[in-house]
Amino acid sequence: AMTTKFGSEEKWAISTTRWLKNDLGFNIALGTDATILGVEQGAGTAIYTPGVGRYAASIGLNSSNGGTTDFLYNGTMPVFDPAFETYVNEITPKTIGYYKDNGKILGFISDNELPVADSLLTDYLTLDQTIAANHYSYACAWTWITEFTGKKGEEIDIVKIDALSKEMGIDLHSLFKGFVYDRYFSVMQPAIKAACPNHMYLGVRLLTGHTWGEWVGRFNGYWCDIMCINYYHEWEIPTEQIQNFSKWTGKPFMITEFYAKGEDAIGADGKPFTNLDGAGWICKTQKDRGYFYQSFTLRLLESKNCIGWLYFQYIDNDPTDETIEAGQI
């Protein structure tokens with residue numbers, strides 16, 4: 001359909017960019033090479049660059065589901081592998097190096113919705129250490145908790161880590177998440193800055209539904225120029241969360257996904273969309289979608305530390321995806 005209407009991907013990108021920028025007032029797009037085609041029409045662009053998700057896929061450990069990046073063993077990211085750092089240092093300049101003199105590129109995002117569940121510490125501690133792919137993750141987690149708590153491995157009861165946190169007066173789960181993300185960012189940021197020293201590192205698109213919390217936020221602020229958040233399951237962001245974004249990171253934030261679907265959406269064939277896919281909530285009408293957009297973005301404008309947002313997505317859902325239309329979600 002795109003080729004029939006526009007003739008080529010390049011013509012689609014140019015026409016769509018003009019429409020978004022001149023008619024609707026949008027000034028940035030998020031994506032890869034397809035969106036680059038529209039940059040010269042005046043839209044800034046944020047670009048994905050390979051991170052731990054691509055590394056894990058290269059060694060058979062990635063089990064991504066939709067937009068969220070998942071991992072094979074207990075959902076643990078292999079960020080402690082020395083080979084992860086080697087992979088990033090080798091692939092990053094090849095992937096983004098040719099953008100280094102392009103002033104219309106806003107910056108680079110390295111992964112999408114990485115795991116930050118409250119169980120992350122126990123997920124690492126209970127890895128099967130007989131599997132070679134788990135060796136570094138398992139060893140680093142146990143080294144961290146024994147050195148931080150001052151206890152020997154046999155003295156640590158995994159099921160009583162909450163009690164140990166209470167005893168020490170500090171949240172070990174939150175701290176360990178920070179430890180994992182500090183390692184991740186410390187690999188990604190230098191590689192990206194070496195390839196494109198004049199551009200921003202936008203970090204990971206964090207999923208607000210996950211409990212990433214204070215220490216992931218603190219290390220995000222240390223290593224990244226902006227904090228990026230995919231925000232769902234709220235009609236507007238609570239004031240306390242917005243304040244925490246700034247307090248934890250010391251940096252501005254950008255909402256990199258939010259949207260709602262319309263119950264009244266109808267396809268070109270006249271059939272209504274089922275709207276079964278996607279994370280966005282459903283509004284009664286397209287007009288109500290507009291009210292949602294207005295309410296959500298007014299809160300962002302009031303926040304003083306939000307520098308912008310990316311709306312997701314063009315359409316309410318994909319009526320051509322037969323598995324979703326059949327309700328298999």
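Above this text sits the structure in question.
With that out of the way, let us pick up the packing of aromatic side chains. The tally for this structure, following the rule as stated, stands at 34 aromatic pairs. When the centroid spacing of 6.1 Å and the interplanar angle of 80° are considered together, the rings of F80 and Y124 count as edge-to-face. Here Y124 lies in helix α6 (residues 120-125) and F80 lies in the loop between α4 (52-58) and α5 (82-96), a separation of 44 residues in the sequence. Residue classification places F80 among the buried positions, given a relative accessible area of 8%.

With respect to the helices, strands and loops of the structure, I282 is situated in strand β8 (residues 281-283). Linking I282 and Y259, residues 23 residues apart in sequence, is a C-alpha distance of 9.2 Å. The contacts of I282, once residues within four sequence positions are left out, are W235, K261, G262, E263 and N275.

Nonpolar side chains collect at one region of the surface, where F148, M168 and I170 lie side by side and expose about 220 Å² of accessible area between them. Relative to the helices and strands, F148 is located in helix α7 (residues 135-149).

The probe, sized like a water molecule, is rolled over the atoms to show the empty space still left. Scanning all chains against the criterion turns up two cavities of 30 Å³ or more. Looking at the largest cavity, its volume works out to about 70 Å³. Its residues placed into classes, the lining of the largest cavity shows eight nonpolar, two polar and one charged. Surrounding the second largest cavity, L61, F71, L72, Y73, T76, M77, P78, A133, N134 and S137 form its lining. For the lining of the second largest cavity, the per-class residue count stands at seven nonpolar, three polar and no charged.

In this section: the pairing of strand β6 (residues 253-257). Counting buried positions along β6 gives five out of five residues, so the element sits mostly inside the fold. The pairing of strand β5 (residues 227-230) with β6 spans four bridges and is parallel. Across the sheet, I229 pairs through a bridge with I255, a residue of β6. Each parallel crossover has a hand, and the one from β5 via helix α11 (residues 239-249) to β6 is right-handed. The sheet contact formed by β6 and strand β9 (residues 306-309) spans three bridges and is parallel. Bridge pairing in β9 places M254 opposite G308.

This part covers the nonpolar core. In this structure, Y124 and Y184 are the most contacted members of the largest nonpolar core, which totals 68 residues. Looking at this core element by element, the count peaks at twelve residues for helix α9 (residues 172-195). Apart from residues no more than four positions distant in its own chain, Y124 is found in contact with T76, M77, V79, F80, S137, Y138, A141, F176 and V180. Core analysis: the second largest hydrophobic core is formed by six residues, A46, I109, L202 and C228 among them.

Our focus in this paragraph is helix α10 (residues 213-223). Residues of α10 that are buried include every one of V216, G217, N220, G221 and W223, and no others. Turning to α10, the residues buried within the fold contact α9, β4 (200-207), β5 and α11.

This part is about unusual backbone geometry. Despite not being glycine, N74 shows a phi value in the positive range, around 55°. For H233, which is not glycine, the phi dihedral falls at a positive 70°. Mapped onto the secondary structure, H233 falls in the loop between β5 and α11. Using a relative accessible area of 45% as the deciding quantity, one classes H233 as partly exposed.

Rules used throughout
- Residues numbered from 1 in each chain as written.
- Predicted model: local features only at pLDDT ≥ 70, side-chain atom pairs only at ≥ 80, totals over all residues.
- Heavy atoms only, no water.
- Phe/Tyr/Trp six-rings, centres within 6.5 Å; stacked < 30°, edge-to-face > 60°.
- Helix = DSSP H or I, 4+ residues; strand = E, 2+ residues; numbered from the N terminus.
- Buried < 20%, exposed > 50% of the residue type's maximum accessible area, 1.4 Å probe, protein only.
- Contact = heavy atoms within 4.5 Å.
- Patch = residues over 30% accessible without salt bridge, like charges linked within 9 Å, V, L, I, M, F, W, Y side chains within 5 Å.
- Areas by Shrake-Rupley, 256 points an atom, 1.4 Å probe, with all protein chains shown as cover.
- Salt bridge = Lys/Arg side-chain N within 4 Å of Asp/Glu carboxyl O.
- 1 Å grid on protein atoms, 1.4 Å probe; cavity = no way out; pocket = protein on both sides within 12 Å on 5 of 7 lines; lining within 4 Å.
- Points joined across faces, edges and corners; volume = space filled by probe spheres on them.
- Nonpolar A, V, L, I, M, F, W, Y, C, P; charged D, E, K, R; others polar.
- Pairing = 2+ DSSP bridges.
- Right-handed = clockwise from strand over helix to strand, strands pointing away.
- Core = buried A, V, L, I, M, F, W, Y, C linked by side-chain atoms within 4.5 Å.

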